[in-house]
Amino acid sequence: KQPPLQPHNQFAGFISFWRFDDFVYVEHLATEPHLRGGGLGRELIEHLKALAANLPVILEVEPPVNDIASRRIAFYKRLGFTLHEDFPYIQPAYSPATQPIALNLMSHNLSPEAPTFEVLRSYAHTITLQVYHNYY
């Protein structure tokens, strides 16, 4: 196990997220390319999971159609996320000049008692209304 990263007073990366009543949505995670593989992304996700407490965490990923997308999915799987390839999800367009994009959702800490499809549909609806329609 690598030791925790130490601050160096330089930009290293960030995570942006939305906390809703019943789940947390990760909008974006990015690290500086030269720092990838050093544990920063893992630390950011683990910190977010701690902030989320017992709430499910949801994020969007590109389908595993190329090496980069597959590596990204594998990264999140190592952190305990589940890929929902069978759930049809379309990321709404950010602006009238762009197109919606077919993506996959990944989740962490979904209740095993709840019907996954219905829960994901509810979360996707919240993300569409609260994030994409209200802010983009």
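Above this note sits the structure.
Attention here is on the structure that accompanies the text.

Definitions and cut-offs
Residues numbered from 1 in each chain as written. Predicted model: local features only at pLDDT ≥ 70, side-chain atom pairs only at ≥ 80, totals over all residues. Heavy atoms only, no water. Helix = DSSP H or I, 4+ residues; strand = E, 2+ residues; numbered from the N terminus. Buried < 20%, exposed > 50% of the residue type's maximum accessible area, 1.4 Å probe, protein only. Contact = heavy atoms within 4.5 Å. Salt bridge = Lys/Arg side-chain N within 4 Å of Asp/Glu carboxyl O.

1. Thoughts on the environment of P64
Piece 1. Turning to its location among the elements, P64 is positioned in the loop between β3 (57–61) and α2 (67–78).
Piece 2. By relative accessible area, which is 34% here, P64 ends up partly exposed.
Piece 3. Linking P64 and Q91, residues 27 residues apart in sequence, is a C-alpha distance of 16 Å.
Piece 4. Beyond its immediate stretch of four places on either side in the chain, P64 contacts A69, S70, I73, E85 and N104.

2. Topic: the pattern of salt bridges
Piece 1. One pass over the full model with this rule turns up four salt bridges.
Piece 2. The shortest N-O distance in the salt bridge between R72 and E62 comes to 3.9 Å. One end of the pair, R72, is in helix α2; the other, E62, is in the loop between β3 and α2, with ten residues separating them in the sequence.
Piece 3. Overall, the relative accessible area of 35% leaves R72 in the partly exposed class.
Piece 4. For E62, a relative accessible area of 39% gives the class partly exposed.
Piece 5. A salt bridge links D67 to R71; the nearest nitrogen and oxygen atoms lie 3.2 Å apart. Here D67 and its partner R71 are both found in helix α2, four residues apart, which amounts to about one turn of the helix.
Piece 6. Looking at R71, the relative accessible area reads 54%, which means it is exposed.

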